[in-house]
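Residue-level listing of the chains:
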Amino acid sequence: MASQHSEPTDPWAGLAGEPLADALAVAAHLPSQGRVGIAFSGGVDSAVLLAVAVRARGRADAVGLLAVSDSLARAELAGARATAAEIGADLIEFATREGELPAYRANGVDRCFHCKDEMFTVIDTDLVERHGLAAVAYGENADDAARIDRPGAGAATAHAVLRPLATAGLSKPRVRNLARALGLSVADKPAAPCLASRIPHGQEVTPAKLKQVEAGEEALREAGFTDARVRHHGDIARIEVPADEIALFADPDRRTGVLARLREAGFGHVTVDLAGLQSGAFTLQVLRRG
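Here the residue numbering is sequential within each chain, running from 1 through the sequence in written order. Local features in a predicted model are, by the rule used here, given only for residues with pLDDT of at least 70; side-chain atom pairs are given and counted only at 80 or more, and totals for whole chains, interfaces and linings are based on all residues. Just so you know, side-chain values use all the structure's heavy atoms and leave hydrogens and water out.

Peer 1: It is not clear to me how the nonpolar core should be interpreted in this structure. Could you clarify?
Peer 2: Soluble globular proteins tend to pack their nonpolar side chains together in the buried interior. Nonpolar core, defined: a set of buried Ala, Val, Leu, Ile, Met, Phe, Trp, Tyr and Cys residues in which side-chain atoms within 4.5 Å join the residues together. Here's how the labels work: a residue is buried when its accessible area is under 20% of the maximum for its type, exposed when over 50%, partly exposed in between, all with a 1.4 Å probe on protein chains only. Val 48, Val 52, Ile 87, Leu 178, Leu 182 and Leu 184 are the most contacted members of the largest nonpolar core, which totals 36 residues. Every helix listed is a DSSP run of H or I at least four residues long, and every strand listed is a run of E at least two residues long, numbered separately from the N terminus. Mapped by element, the contributors of at least two residues to this core are α1 (17-28), β1 (35-39), α2 (44-57), β2 (62-68), α3 (74-87) and α9 (172-181). A per-element tally of this core places α2 first, with 9 residues. Contact definition: two residues touch when any of their heavy atoms are within 4.5 Å. Non-local contacts of Val 52, meaning those with residues more than four positions away in its chain, are made with Trp 12, Ala 23, Val 26, Ala 27, Leu 178 and Leu 182. The next biggest cluster of nonpolar side chains, apart from the first, holds 18 residues, and it includes Ala 67, Phe 120, Ile 123 and Ala 156.

Dropping the structure here:
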């Protein structure tokens, strides 16, 4: 009679070459015992980290931790939920209140530190014990670790949060390559920084401004742009889209439709930045001046 016991499933089935080596390297920097919580946004970095953790540790010992606040666009929240389900991971959603912190609202170049510090503080004080977490990790990659405009990394260090992608030496292209090998639908998803990053440093972050930015960027996505930022300059919305998509504004229907939606959001004037999409523009501008 054949044995009733099935052979163990290979957690790395379907991976080979560099993606397999990278997955194993990332897994080696996860704790070998206890449950690990992955700070999860639904972007490619945190999705790869969560997917590797689930494969390496099993669903019971790897869980996504999703911070929800005014600075998280509703579309990103829905996307994060869908991606966690695609991975087959449990997702713990929790509220953060960085908007109540004077230092966050003041919007200095260290704003991201206060946001991440709030998130990791809630995790440490509320989630770790309640959900039996032995460690917490987040999706910083090796390219992020080399950038000067990532003050949130300091909060991760202060809270002893692991960064397995960066520690394993995975650059952004390698993270995306691993995401494709894992079959993740977010493999080519553009970066989606929080809504507060659209407000110039030194200008207060408020829920009303965040809602204006969210409404404007939703209008641009619906108009067919693959990525967009609506920079908030008081009464003026400065639109950034990929440089090769600026020509799409030549279509009168698209242009007038976007204009109407941004005026509905509360902007009196709407401009298009001919430099195109610029990641981390406000923070890098201030840091380079210093």
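So that's the structure; there's more coming.
Peer 1: Mind showing me how you'd approach the side chain of Asn 107 here?
Peer 2: Mapped onto the elements, Asn 107 comes out in the loop between α4 (102-106) and α5 (111-130). The class of Asn 107 is buried, set by a relative accessible area of 0%. Pairs of N or O atoms are called polar contacts if they sit within 3.5 Å, as long as, within protein, a hydrogen donor faces a hydrogen acceptor (for residues adjacent in sequence, only side-chain-to-side-chain pairs). In this structure the side chain of Asn 107 is engaged in a polar contact, spanning 3.1 Å, whose partner is the backbone oxygen of Ile 199. If sequence neighbours within four positions are ignored, Asn 107 has contacts with Ile 199, Pro 200, His 201, Gly 202, Gln 203 and Val 205.

Peer 1: Can you walk me through the environment of Pro 164 in this structure?
Peer 2: Here Pro 164 shows up in helix α8 (residues 164-167). A residue is classified by how much of its surface remains accessible, and Pro 164, at 1% relative accessible area, is buried. For the pair Pro 164 and Tyr 138, spaced 26 residues apart in the sequence, the C-alpha separation amounts to 7.6 Å.

Peer 1: Just to check I follow, could you spell out the sheet that holds strand β7 (residues 269-272) for this structure?
Peer 2: Whether parallel or antiparallel, the strands of a sheet pair through hydrogen bonds between backbone atoms. Note on pairing: two strands pair once DSSP finds at least 2 bridges between them. One open sheet accounts for 3 strands, arranged β5-β6-β7; its pairing is mixed. Sheet topology places β5 (229-233) and β7 at the edges, where each strand pairs with a single neighbour. Ignoring strand direction, the axes of neighbouring strands in this sheet form an average angle of 25°. Summarising the sheet, β5 and strand β6 (residues 236-240) pair through 5 bridges and their orientation is antiparallel. Note that in β6 the partner of His 233 across the bridge is Ile 236. Throughout, an axis means a line fitted to C-alpha atoms (over the contacting stretch in the case of helices), and angles, computed between N-to-C directions, take values from 0 to 180 degrees. Contacting β5 and β6, helix α10 (residues 207-222) runs over the sheet at an angle of about 145° to β5. Together, β5, β6 and β7 form the strand contacts of helix α11 (residues 252-264), whose direction differs from that of β6 by roughly 135°.

Peer 1: How should the side chain of Arg 231 be read in this particular structure?
Peer 2: Tracing the sequence through the fold places Arg 231 in strand β5. Looking at Arg 231, its side chain comes within polar contact range of the main-chain oxygen of Ser 197, at 3.1 Å. Of the polar contacts made by the side chain of Arg 231, one reaches the backbone oxygen of Gln 278; its length is 2.8 Å.

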